[in-house]
There are 4 protein chains.
Amino acid sequence: MAARIRAAVVGSTGYGGVDLLRLLRRHPHVEVTSVISSSSAGQDISGGYPHLADIYEGTLDPVDVDLIRQKADVVFAATPSGASSELVPAFLDAGLKVIDLSGDFRLKSGALYEKWYRKKPADEKYLVRAVYGLCEVFGDEVKGSDFVSNPGCYPTAALLGLIPAVKAGWVDPETIIIDAKSGVSGAGRSLSLTVHYSEINENFKAYRVNSHQHTPEIEMALEKATGATVPVTFTPHLVPMTRGILCTMYARLKEHRTEQDFIDLYREFYRGRPFVRIRGRGVWPATKEVWGSNYCDIGFSVDERTHRVTILSVIDNLVKGAAGQAVQNLNLMMGWDESAGLELVPVYP
Amino acid sequence: MAARIRAAVVGSTGYGGVDLLRLLRRHPHVEVTSVISSSSAGQDISGGYPHLADIYEGTLDPVDVDLIRQKADVVFAATPSGASSELVPAFLDAGLKVIDLSGDFRLKSGALYEKWYRKKPADEKYLVRAVYGLCEVFGDEVKGSDFVSNPGCYPTAALLGLIPAVKAGWVDPETIIIDAKSGVSGAGRSLSLTVHYSEINENFKAYRVNSHQHTPEIEMALEKATGATVPVTFTPHLVPMTRGILCTMYARLKEHRTEQDFIDLYREFYRGRPFVRIRGRGVWPATKEVWGSNYCDIGFSVDERTHRVTILSVIDNLVKGAAGQAVQNLNLMMGWDESAGLELVPVYP
Amino acid sequence: MAARIRAAVVGSTGYGGVDLLRLLRRHPHVEVTSVISSSSAGQDISGGYPHLADIYEGTLDPVDVDLIRQKADVVFAATPSGASSELVPAFLDAGLKVIDLSGDFRLKSGALYEKWYRKKPADEKYLVRAVYGLCEVFGDEVKGSDFVSNPGCYPTAALLGLIPAVKAGWVDPETIIIDAKSGVSGAGRSLSLTVHYSEINENFKAYRVNSHQHTPEIEMALEKATGATVPVTFTPHLVPMTRGILCTMYARLKEHRTEQDFIDLYREFYRGRPFVRIRGRGVWPATKEVWGSNYCDIGFSVDERTHRVTILSVIDNLVKGAAGQAVQNLNLMMGWDESAGLELVPVYP
Amino acid sequence: MAARIRAAVVGSTGYGGVDLLRLLRRHPHVEVTSVISSSSAGQDISGGYPHLADIYEGTLDPVDVDLIRQKADVVFAATPSGASSELVPAFLDAGLKVIDLSGDFRLKSGALYEKWYRKKPADEKYLVRAVYGLCEVFGDEVKGSDFVSNPGCYPTAALLGLIPAVKAGWVDPETIIIDAKSGVSGAGRSLSLTVHYSEINENFKAYRVNSHQHTPEIEMALEKATGATVPVTFTPHLVPMTRGILCTMYARLKEHRTEQDFIDLYREFYRGRPFVRIRGRGVWPATKEVWGSNYCDIGFSVDERTHRVTILSVIDNLVKGAAGQAVQNLNLMMGWDESAGLELVPVYP
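Reading guide: rules and limits
- Residues numbered from 1 in each chain as written.
- Chains lettered and ligands numbered in written order.
- Predicted model: local features only at pLDDT ≥ 70, side-chain atom pairs only at ≥ 80, totals over all residues.
- Heavy atoms only, no water.
- Helix = DSSP H or I, 4+ residues; strand = E, 2+ residues; numbered from the N terminus.
- Rg over C-alpha atoms; globule rule 2.2 N^0.38 Å.
- Buried < 20%, exposed > 50% of the residue type's maximum accessible area, 1.4 Å probe, protein only.
- Contact = heavy atoms within 4.5 Å.
- Areas by Shrake-Rupley, 256 points an atom, 1.4 Å probe, with all protein chains shown as cover.
- Least-squares fit on C-alpha atoms with pLDDT ≥ 70 in both.
- Domains from an automatic or database assignment.
- Buried area = accessible area lost by both parts, 1.4 Å probe.
- Salt bridge = Lys/Arg side-chain N within 4 Å of Asp/Glu carboxyl O.
- Polar contact = N/O pair within 3.5 Å; in protein donor to acceptor, adjacent residues only side chain to side chain.
- Pairing = 2+ DSSP bridges.
- Nonpolar A, V, L, I, M, F, W, Y, C, P; charged D, E, K, R; others polar.
- Axes fitted to C-alpha atoms, helices over the stretch in contact; angles between N-to-C directions.
- pLDDT = per-residue confidence, 0-100.
- Patch = residues over 30% accessible without salt bridge, like charges linked within 9 Å, V, L, I, M, F, W, Y side chains within 5 Å.
- Disulfide = S-S within 2.5 Å.

1. A few points about the overall build of chain A
Moving on, step 1. Along its length, chain A carries 11 helices and 13 strands.
Moving on, step 2. Relative to a compact globule of 349 residues, whose C-alpha radius of gyration would be 20 Å, chain A shows 20 Å and is just as compact.
Moving on, step 3. The principal-axis extent of the C-alpha atoms belonging to chain A is close to 60 × 45 × 45 Å.
Moving on, step 4. By the burial criterion, 66% of the 349 residues in chain A qualify as buried.
Moving on, step 5. Taking the contacts inside chain A whose residues are at least 6 apart along the sequence as the reference set, 70% of them involve residues at least 24 apart.
Moving on, step 6. Total accessible area computed for chain A in this model is approximately 10900 Å², and 46% of it derives from carbon and sulfur atoms.

See below:
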């Protein structure tokens, strides 16, 4: 086997970062050589995460580009939106490969970013350079790239469920509605009343209705993949569970199609891609069926009464929706087997 | 105070029945004189429900119409669909007032019932006699009636959220989509793998997509209230929590309206009705905010980009969606204050 | 009916305070005339708690002793430990009756308080004046008192389970072990990583092992009730649920006793007290069986092999462990029916 | 690399069986050649477990000893107690290596088995042949054996926490109390009201107090490891979560010891064993910190006031408490690296 590539994980004290540490630990071609945290540098890696005891030893490194350049070949930036735009350019300028998990390099328009994120956008020079890493759709662009912007969790689930049908011209894109439900870990480890245990346990609610920052990302990628230029309706909800996203998506059929038509179309579209599984007739995926793994499972229901199709897709928001797809992007960048380090059986129950 | 009315609860070992026992215990005008179970007759009332110890003493009665007629003036039939159609006619023929919580008398067409429930419909003579007891909409018909069919949990949440907008002609009924999420208690106490703890905890899924039996009930009541004769898209989901329903509903606006327009319209529509609360701008209800109570809370979001309105409504599926609305119907039938026995503050957190 | 007493709730934005608002709303002899919050004064009462919309109108009052004295006859201080010691003396000096829900007036020794709470103790003058309001044990002292220190949640569950057996001399107090499990709401509404949803959902852990501040409170009250002067072993744990405490308690039997002996002893001890329910043989209480109510349910297992008894007691930590017992104390202070305003059927499921 | 050993999993539709499939899928030296279910033979392996789609293809085999002998070298019997005693002898007689996950071969006394399990015991010939596979304690006996009885979930957590202290003579074995809490998956996939979602969600309770069948297993293994012949007090509880066991264990110290003494003792006892991790001072393990992995984490608190030590141990009940330890036993039997196929980072959060 060839020498391993050396990886640094920045933002390792967030949930996306810590799941990267889990996945990279067993990657056959990667060695994690620096675990980085701006807030906790100098402390034990397992101090804030005792589940890592005996697995990751040593202390957290500071965010120091020179140090990272010495220790690593590739950087995973699991930093929050607003932080990545500051850090990533320096990593790139230092010659590091970068996979960024934030929202800072997904939208190509700085103005659009500013409108939806209400933060200062990244320098345009870097925006244009970033490849949007939705692996099963834009994977060819990722190959050989040295800078990937990893898709958001909701967009990953929504786009994998929508693109084949929209691209085939089977549904009217103007009628697309995405009703999305996410486990609470998507909100990260930062404290807030919204995800205070007693507030969200035994509770269910929508949030940022018609104003979530993943909306323009979905629209941008849908246009890029299918040519459709339409605003979509997107409603995120919080489910009292830790991991998992389910998107229930609705669209009007342009002409008569059966569930089996959709199953065949999607199986063909994702042929050879190891992480998308299409359910059979009358079976719809549940979030637990992908728990802890990099799968995206998809199912369908066609309603003759309303001439609409309902498409259901599920992912683990921290894996296929964050750390797992980031590793998958590294695999594509490096020309490795797409599933290297990601051959995880979902943990059930 | 006048003498109390005597009430019997049939099907008291189900979750709807046991919540009726909770609510009726503190009702100022009602005394529960018979607690009935076909499967557990003769056993202690609190045997299967230790939370009722010292509150309900005595044993469960069998289903015996003569006995019920002697002991009670009104019967709550908290029996499953398929059982009520057999039992309720005898109660009515015996001169008892009846509030039926099953689905057996909601649809006026036996054929439609048979299609969606895949069971034998009730005798048409009784179908036409039943008043559909969506209190805030059809309450006038309930007054003075002696036989009320209590609405389903999903229809209650959906209809209270949709009817004012459809009736006002503000939205295109052909575009209505109802994405509904329910706590697990809606599935009742009967054992099934679907609601086995380890299968649904930390899990989220859809079920009966485009085939749930509440679909025609929603369409029927929508037509009755607004004249709109349209098929709606309805998707139920299971949330890993015990109580609560949230409906996220979508429709295209016929012309420009603001959130404040909707708020004003709904506050006017529900003026004087104690159990519907309309949230202010930019605030949407969460299921926990009505937990254990008879409220239905509603909020709105208008999206200028897509010309759609998103309407969010929440109820406690066992209270406003079952036992609470049944008591509310009794109050209306008897001409009492609509909120008698129902002045419950939601339990939070 | 006589005029209602006027009550003020200080610390109404905490979970104990907000549950007081729920209970007092239906109290036949109480009117809440001032809802007070030092942090949110001037805001709508239902602003931070939308479940109170239409139930509590008006705005939050500041902590202003003169204002409170004008508006109220009795004050519930649902303020954190360390705050009550500052506020309560002024309320008392103003002639208000006070029920304090914090830990500040439970321990009679300031030094002991300082050791376990690591905070400055209250003025001794007020410490001696406070009656420790464990209603079923020290209720006689509460009658006619104007200052009650409401017991802690864990001590309430533990003491009601232990006192009859220790007082009867049936168990060796030196062998008492209290293994306690609490829902997360006991930690309050203040943000902390410990009760961040993703950290405690699907998780179970002990905390403050052998150092929890309720330990000396249990020992003090046990001595007061039984004369036993022993250190007890007490371990609190966090359960991934919102409400409920279960204490599993162990002690060695001094001589042979059966489960029925214990059942008889406890039923006799609590005869006439409406809120303690003793389970029959081979049945042990579960926390959900008291959910939302003021009950404390108790069960037993005697093990012939080890000569130990296991005593299991459950309460709702926010009701019998806080707001409910506080109302019960008010009832005793005022000479009302002990259960006034507290006739709540547990919400099940 | 040598050829892989061929493994059959009997009882693959239970939770222990399906977690074996997860673990064995990535085992470097094992190939699963037969997935067996008596109840579902002939159906797709992923039919009842869609999370296995594309991972395990083919259909479930029946329980047929001849077929198994042709297809496999080793059998994992993940069958219920009462079934293994019937099946395992035939597997052994056919020359297969067997790892049995049931309780049928753990107790060496048939009479004791009958008393606690209330079932017919296995043939004594096979009872004596089974090696009790608590890997870190009796691993030497496992090496080279061809029949291992895999320990129960509660005994694994309890014994790993107790044995070093008892063996060192630091604690009085007569004072041992084990207060154990388990996630619901320990109850398996069979339907029962106890683990019906709405009954156990937001609920906490004890069960089989002083009568759980794991009690004699703990006593037997404690005696075998330390010579102590004492009855222990053992109380199991159900936690509203899917996976995880925490044992809180109490014992009186024979002489003064500090927490650091215990930490040093245990680290020495488990030196070189990859799956036991000892927490540092003042830190106690939480169940989520081992979720999905084969670790057992242990922490301590010494109380000077009561002269007791509190020992806390956690495992994932389906991994170290079932499937993971079974694989670990196979590794020991075959002389492989103890952690082959088990190098799993806990999934957090």
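2. Overview of the environment of Ala7 of chain B
Moving on, step 1. Inspection of the secondary structure assignment puts Ala7 of chain B in strand E1 (residues 5–10).
Moving on, step 2. Excluding anything up to four places from it in sequence, Ala7 of chain B contacts Val30, Glu31, Val32, Thr33, Ser34, Ala72, Val74 and Phe76 of chain B.

3. Observations concerning the relation of the copies chain D and chain A
Put simply, the two copies of the chain differ by a rotation about an axis and a shift along that axis.
Moving on, step 1. Of the transformation superimposing chain D on chain A, the axial component is 0.0 Å and the angular component is 180°, with the fit at an RMSD of 0.0 Å. Such a turn and shift between the copies fits a two-fold axis. Residues of chain D ranked by C-alpha distance from the rotation axis are headed by Glu202 of chain D, positioned 4.0 Å from it.
Moving on, step 2. Interface residue correspondence from chain D to chain A reaches 100%, placing this contact among same-surface, isologous pairings.

4. Quick notes on the relation of the copies chain A and chain B
Moving on, step 1. Superposing chain A onto chain B requires a rotation of 180° together with a translation of 0.0 Å along the rotation axis, leaving an RMSD of 0.0 Å.
Moving on, step 2. Here 100% of the interface residues in chain A have copies in chain B that are interface residues too; the copies meet face to matching face.

5. So, the domain arrangement of chain A
Residue and element names in this part refer to chain A.
Moving on, step 1. Partitioning chain A into domains gives domain 1 (5–129) and domain 2 (154–317).
Moving on, step 2. At the interface, 12 residues of domain 1 touch 14 residues of domain 2.
Moving on, step 3. In total, domain 1 and domain 2 occlude about 1100 Å² of area from one another, counting both sides; carbon and sulfur atoms represent 58% of this.
Moving on, step 4. Together, Tyr15, Arg106 and Trp116 form the three largest contributors to the area buried by domain 1 at its contact with domain 2, with a combined 53%.
Moving on, step 5. Here domain 1 and domain 2 share 2 salt bridges between them.
Moving on, step 6. Asp19 serves as the salt-bridge partner of Arg243, at 3.1 Å between the closest nitrogen and oxygen.
Moving on, step 7. Counting every contact that joins domain 1 to domain 2 gives 5 residue pairs in polar contact (both at pLDDT 80 or more).

6. Concerning the sheet that holds strand E1 (residues 5–10) of chain C
Residue and element names in this part refer to chain C.
Moving on, step 1. In spatial order, the strands read E2-E1-E3-E4-E6-E5; together these 6 strands make up an open sheet with parallel pairing. Two strands close off the open sheet at either side, each with one partner strand: strand E2 (30–36) and strand E5 (131–132).
Moving on, step 2. For E1 and E2, the ladder comprises 6 bridges, and the chain directions are parallel. Residue pairing for E2: Ile5 is matched across the bridge by Val30.

7. Quick word on the interface of chain A and chain B
Moving on, step 1. Contact with chain A, which involves 52 residues of that partner, is made by 52 residues of chain B.
Moving on, step 2. Both sides together, the interface formed by chain A and chain B hides about 4000 Å², and carbon and sulfur atoms give 52% of it.
Moving on, step 3. Per-residue buried area on chain A facing chain B is highest for Glu202, Phe204 and Arg305 of chain A; these three make up 19% of the total on that side.
Moving on, step 4. At the surface where chain A touches chain B, the tally comes to 4 salt bridges.
Moving on, step 5. The salt bridge involving Asp179 of chain B is made with Lys181 of chain A; its shortest N-O contact spans 3.0 Å.
Moving on, step 6. Where chain A touches chain B, the interface holds 34 residue pairs in polar contact (both at pLDDT 80 or more).
Moving on, step 7. Those elements giving two or more residues to the side of chain A that touches chain B turn out to be strand E7 (177–182), helix H8 (197–200), strand E8 (205–206), helix H9 (214–226), strand E9 (233–238), strand E10 (245–252), strand E12 (296–303) and strand E13 (308–315) of chain A.
Moving on, step 8. In terms of residue class, the side of chain A that touches chain B is built from 23 nonpolar, 15 polar and 14 charged.

8. Examining the sheet that holds strand E12 (residues 296–303) of chain B
All names here are of chain B.
Moving on, step 1. One open sheet accounts for 7 strands, arranged E8-E9-E7-E10-E13-E12-E11; its pairing is mixed. Each end of this open sheet is capped by a strand with a single partner; those strands are strand E8 (205–206) and strand E11 (276–278).
Moving on, step 2. Relative to E12, E11 is paired through 3 bridges, and the arrangement is parallel. Among the inter-strand pairings, Val276 is bridged to a residue of E12, identified as Cys296.
Moving on, step 3. Along the sheet, helix H7 (residues 153–167) makes contact with strand E7 (177–182), strand E9 (233–238), strand E10 (245–252), E11, E12 and strand E13 (308–315), crossing E10 at roughly 35°.

9. Section: the pattern of salt bridges
When the charged atoms of two side chains with opposite charge come close together, those side chains can pair.
All names here are of chain C.
Moving on, step 1. Summed over the entire model, instances satisfying the criterion amount to 92 salt bridges over all chains.
Moving on, step 2. For the salt bridge of Glu259 with Arg281, the shortest nitrogen-to-oxygen distance reads 3.9 Å. Residue Glu259 is located in helix H10 (residues 259–269), and its partner Arg281 is located in the loop between strand E11 (276–278) and strand E12 (296–303); the two are separated by 22 residues in the primary sequence.
Moving on, step 3. Among the residues examined, Glu259 registers a relative accessible area of 14% and is labelled buried.

10. What to know about the environment of Leu193 of chain D
Moving on, step 1. Here Leu193 of chain D lies in the loop between strand E7 (177–183) and helix H8 (197–200).
Moving on, step 2. In this structure Leu193 of chain D touches Arg189 and Leu191 of chain B together with Glu199 of chain D, once residues within four positions along its chain are discounted.

11. Remarks on the confidence of the model for chain A
Moving on, step 1. Confidence in the prediction for chain A averages 97 pLDDT; 99% of positions are at 70 or higher.
Moving on, step 2. The ipTM assigned to the predicted complex is 0.97, against a pTM of 0.98.

12. Quick look at a nonpolar patch on the surface
Moving on, step 1. A cluster of nonpolar side chains, Leu191 and Leu193 of chain A together with Leu191 and Leu193 of chain C, forms an exposed patch at the surface whose accessible area comes to about 310 Å².
Moving on, step 2. Position of Leu191 of chain C among the secondary structure elements: in the loop between strand E7 (177–182) and helix H8 (197–200).
Moving on, step 3. Judged by relative accessible area, which is 40%, Leu191 of chain C ranks as partly exposed.

13. Describing the pairing of strand E3 (residues 74–77) of chain A
All names here are of chain A.
Moving on, step 1. Side-chain alternation along E3 places Val74 and Phe76 on one buried face and Val75 and Ala77 on a second face that is also buried.
Moving on, step 2. With 4 bridges connecting them, strand E1 (residues 5–10) and E3 associate as parallel partners. Looking across to E3, one finds that Val9 is bridged to Phe76.
Moving on, step 3. Bridge count between E3 and strand E4 (residues 97–100): 4 bridges; the pairing is parallel.

14. Thoughts on the state of the cysteines
In a disulfide, the sulfur atoms of two cysteines are held together by a covalent bond.
Moving on, step 1. This structure, assessed with the given rule, holds 0 disulfides over all chains.
Moving on, step 2. Lacking any disulfide linkage, Cys296 of chain B is separated from the closest cysteine sulfur, that of Cys247 of chain B, by 8.6 Å.

15. Regarding unusual backbone geometry
Moving on, step 1. The omega torsion across Tyr348 of chain A and Pro349 of chain A is 0°, close enough to zero to call that bond cis.
Moving on, step 2. Turning to its location among the elements, Pro349 of chain A is positioned in the segment after helix H11 (319–334).
Moving on, step 3. The residue Arg118 of chain C is not glycine, and still its phi comes out positive at about 55°.
Moving on, step 4. Assignment of secondary structure puts Arg118 of chain C in the loop between helix H4 (110–117) and helix H5 (124–129).

16. A few points about the interface of chain D and chain A
Moving on, step 1. Chain D puts 31 residues into the contact, and the matching count from chain A is 31 residues.
Moving on, step 2. Between chain D and chain A the total buried area reaches about 2800 Å² when both faces are included, carbon and sulfur atoms providing 63% of it.
Moving on, step 3. Where chain D touches chain A, the interface holds 0 salt bridges.
Moving on, step 4. Along the contact surface separating chain D from chain A lie 10 residue pairs in polar contact (both at pLDDT 80 or more).
Moving on, step 5. Ranked by residues supplied to the side of chain D that touches chain A, first place goes to helix H1 (residues 15–25) of chain D with 5 residues.
Moving on, step 6. Broken down by class, the residue content of the side of chain D that touches chain A amounts to 15 nonpolar, 4 polar and 12 charged.

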